[in-house]
Amino acid sequence: MFKKVLIANRGEIALRVIRACRELSVETVAVYSEADRESLHVRFADDDVCIGPAPARHSYLRIPHIIAAAELTGADAIHPGYGFLAENAEFADTCKASNIAFIGPTGDQIRQMGDKATARRLAQEAGVPTVPGSKGTIDELEEALEVAREIQYPVIIKATAGGGGKGMRIARDADQFAQVFTLAQNEALSAFGNGSVYIERFLGAPRHVEIQVLGDSHGNAVHLGERDCSVQRRHQKLIEESPSPAVDADLRTEMGDAAVRLAGAIGYVGAGTVEFLVDGDGHYFMEMNTRIQVEHPVTEMVTSFDLVKEQIRIAAGEKIGFRGDGRRLRGHAIECRINAEDPERNFQPSPGLITAFHPPGGPGVRVDTHVYAAYTVPPFYDSLIAKLIVHGHDREEALTRMGHALDSFIIEGPTTTIPFLSRVIRHPGFIAGTIDTNFLEREPDLLRARS
Ligand code: MV4
């Protein structure tokens, strides 16, 4: 096991990683920007290093400073959390070259899944279903028109260097296609420095269902069931749950086995997530994320595994000591992401001083947060200030618990998304578990108070 882990991140996930290290008796190092000097991750870590001045937006991306901080403090591993450098292949390679373990997959595995057309091809080769589409990337308009005609409109043109909703364009018919295709290529080139695109049939009303996988350095791979993340706004997830109301035991086995085949095919090491679109009876590979995700706690609640501890053990060379076949999910878990944002003002960030803070508690209630009364939410970062996760015997109990937990969660100062989330979880469509990824666009009234 490692002696000392540096956490190359901030906010709630930095605290989450510190907690896992404590349980493993591993020392911790925090790095921080000047804007985060008063943050709890700095206070809770055994050691800390300032890696950047205010305004600090990019401090957590400074690879040389982070490597230097690890060397200075004697850290033998780095946990990247999510966001920032978590899916940066160069950073993973640099850690390795510096004799520091990167707690995550290899640089090559990050690269393979980061190139979305390559990921799609690897999924197909592993027998994972994909949406009908082009074989690889397509450069020529003539060829692209031919593929679009074959797979039938509407089609979606995706940048191979994109992902997470970035670099996508929909073409409704052949008349639009040439213009949209060229636009997609140009946008991809300017946004990612790589103009390559691929084409898929566009599914209009899918659910987003993702499988949690773990792979170790001894060739083992397992899955831990699914998370349903269909409640999204502009590719930001707002609510996640496990199990998915749209997945039965047979579909879970199919999707889980498919995800494990993909992980196995690339010798995947660490925690990963294989994202699917579920449409009617079909499920189709979308992307693989090579990091721990924001919504990992819902999987922890229904499996009782500590995913961050598993990540650290795997990076230290330990074997996965269990069969995670997803058949033993216990009860139901739901997570709400609480942001310092104003839903009535287009989710505009609302940073600033927190004047009162009282989190909910009781059986089956978990709050992952880095904020506290008298803390000032800086304006430089993501506006996630807390994750509220509840667990119940069944979905109904979890929903009831979530409702009361949201309504008793006191955060004063910044405007938060709590009242909005409270309306969403009480919406008949959400309660019925029948919504798709277009849900919030269809329900603009949810954005306003007293709807
Ligand atoms: C799609 C799609 C429909 N058809 N691909 C969005 C994020 C990126 N990972 C891929 N995305 C989509 N890919 C095909 N062939 C619809 C989306 C999509 C979406 C997917 C999941 C959750 C929310 C979404 C919102 C808009 C579009």
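About the criteria used
Residues numbered from 1 in each chain as written. Predicted model: local features only at pLDDT ≥ 70, side-chain atom pairs only at ≥ 80, totals over all residues. Heavy atoms only, no water. Buried < 20%, exposed > 50% of the residue type's maximum accessible area, 1.4 Å probe, protein only. Helix = DSSP H or I, 4+ residues; strand = E, 2+ residues; numbered from the N terminus. Pairing = 2+ DSSP bridges. Right-handed = clockwise from strand over helix to strand, strands pointing away. Core = buried A, V, L, I, M, F, W, Y, C linked by side-chain atoms within 4.5 Å. Contact = heavy atoms within 4.5 Å. Expected span 1.5 Å × (residues − 1). Near = heavy atom within 4 Å. Polar contact = N/O pair within 3.5 Å; in protein donor to acceptor, adjacent residues only side chain to side chain. Areas by Shrake-Rupley, 256 points an atom, 1.4 Å probe, with all protein chains shown as cover. Nonpolar A, V, L, I, M, F, W, Y, C, P; charged D, E, K, R; others polar. Domains from an automatic or database assignment. Phe/Tyr/Trp six-rings, centres within 6.5 Å; stacked < 30°, edge-to-face > 60°. Axes fitted to C-alpha atoms, helices over the stretch in contact; angles between N-to-C directions. Salt bridge = Lys/Arg side-chain N within 4 Å of Asp/Glu carboxyl O.

Draft legend 1. Highlighting the pairing of strand β1 (residues 4-7). Residue alternation in β1 divides its side chains into two sets, Lys-4 and Leu-6 and Val-5 and Ile-7, and both sets are buried. Strand direction decides the pairing type here: β1 and strand β2 (residues 27-33), joined by four bridges, are parallel. Within β2, the residue paired with Lys-4 across the bridge is Glu-27. What joins β1 to β2 is helix α1 (residues 11-23), and the crossover it makes is right-handed. Taken together, the three bridges between β1 and strand β4 (residues 77-79) define a ladder with parallel strand orientation. In the sheet register, Val-5 faces β4, and the bridge partner there is Ala-77.

Draft legend 2. Quick peek at the nonpolar core. Core analysis: the largest hydrophobic core is formed by 35 residues, its most contacted members being Val-231, Ile-239, Ile-338 and Leu-406. For this core, the secondary structure elements donating two or more residues are β11 (236-242), β14 (332-339), β21 (384-392), α12 (395-407), α13 (418-425) and α15 (439-442). Look past the residues within four positions of Leu-406 in its chain and what remains in contact with it is Cys-336, Ile-338, Leu-388, Ile-418, Leu-421, Ser-422 and Ile-425. With 31 residues, the next largest nonpolar core counts Ala-20, Val-26, Leu-214 and Ile-292 among its residues.

Draft legend 3. Examining α12 more closely. Between the first and last C-alpha of α12 there are 18 Å, a value that for 13 residues agrees with the 18 Å anticipated at 1.5 Å per step. Those residues of α12 that sit buried are Arg-395, Ala-398, Leu-399, Met-402, Gly-403, Ala-405 and Leu-406. Packed against the buried residues of α12 are β11, β14, β21, α13 and α14 (428-432).

Draft legend 4. Spatial organisation of the site of the ligand. Of all residues adjacent to the ligand, which total 18 residues, the nearest are Lys-158, Glu-200, Arg-201, Leu-203 and Glu-287. Within the backbone of Arg-201, an N or O atom sits 2.8 Å from a nitrogen atom of the ligand. At 2.9 Å, a backbone N or O of Leu-203 approaches a nitrogen atom of the ligand. The protein chains hide 91% of the 530 Å² of surface that the ligand would expose on its own. In terms of residue class, the shell around the ligand is made up of seven nonpolar, six polar and five charged. Three or more residues apiece are contributed to the shell around the ligand by two domains, here domain 2 (132-201) and domain 3 (207-447).

Draft legend 5. Examining unusual backbone geometry more closely. Between Tyr-153 and the following residue, Pro-154, the backbone shows a cis peptide bond with an omega angle of -5°. In this structure, the amide linkage connecting Ser-242 to the following residue, Pro-243, adopts the cis form with an omega of -5°. Look at Ser-25: it is not a glycine, yet its phi comes out positive at around 55°. One can find Ser-25 in the loop between α1 and β2. For His-235, which is not a glycine, the phi torsion comes out positive at approximately 65°. Relative to the helices and strands, His-235 resides in the loop between β10 (221-233) and β11.

Draft legend 6. Geometry of the side chain of Asn-339. Counting through the fold element by element, Asn-339 comes out in strand β14. What makes Asn-339 buried here is its relative accessible area of 9%. With residues up to four places along the chain from it excluded, the contact list for Asn-339 reads Ser-383, Leu-384, Ile-385, Thr-415, Thr-416 and Thr-417.

Draft legend 7. Representation of the packing of aromatic side chains. Counted according to the given criterion, the structure contains 10 aromatic pairs. Consider the rings of Tyr-153 and Phe-177, whose centres lie 6.3 Å apart with planes at 75°: the pair is edge-to-face. Placement of the pair is Tyr-153 in the loop between α7 (141-151) and β6 (155-163) and Phe-177 in helix α8 (residues 174-192), with a sequence separation of 24 residues. Where Phe-347 meets Phe-420, the ring centres are 5.4 Å apart and the plane angle is 80°; that geometry is what we call edge-to-face.

Draft legend 8. Summary view of the sheet that holds strand β5 (residues 101-102). Reading across the sheet, the five strands line up as β3-β2-β1-β4-β5 and stay open at both edges, with parallel pairing between neighbours. Because the sheet does not close on itself, it has two edges, and the strands there are β3 (47-52) and β5.

Draft legend 9. Focus on the domain arrangement of the protein. The domains assigned to the protein are domain 1 (4-103), domain 2 (132-201) and domain 3 (207-447). Inter-centroid distance (C-alpha atoms) of domain 1 to domain 2 is 37 Å.

Draft legend 10. Inspection of the sheet that holds strand β13 (residues 282-289) at higher detail. A sheet is described by the order of its strands in space; here eight strands give the open sequence β13-β12-β9-β10-β11-β14-β21-β19, paired in antiparallel fashion. Each edge of the sheet is formed by a strand with only one pairing partner; in this case those strands are β13 and β19 (365-369). Neighbour to neighbour, the strand axes of the sheet diverge by 25° on average, direction disregarded.

Draft legend 11. Just the pattern of salt bridges, in detail. Applying the stated criterion to the full structure yields 34 salt bridges. Ionic pairing is found between Asp-36 and Arg-10, a salt bridge with its closest N-O pair at 2.7 Å. Of this pair, Asp-36 sits in the loop between β2 and α2 (40-44) while Arg-10 sits in the loop between β1 and α1; the two residues are 26 residues apart in sequence, bridging distant segments of the chain. Among the residues examined, Asp-36 registers a relative accessible area of 0% and is labelled buried. For Arg-10, a relative accessible area of 9% corresponds to the buried category.

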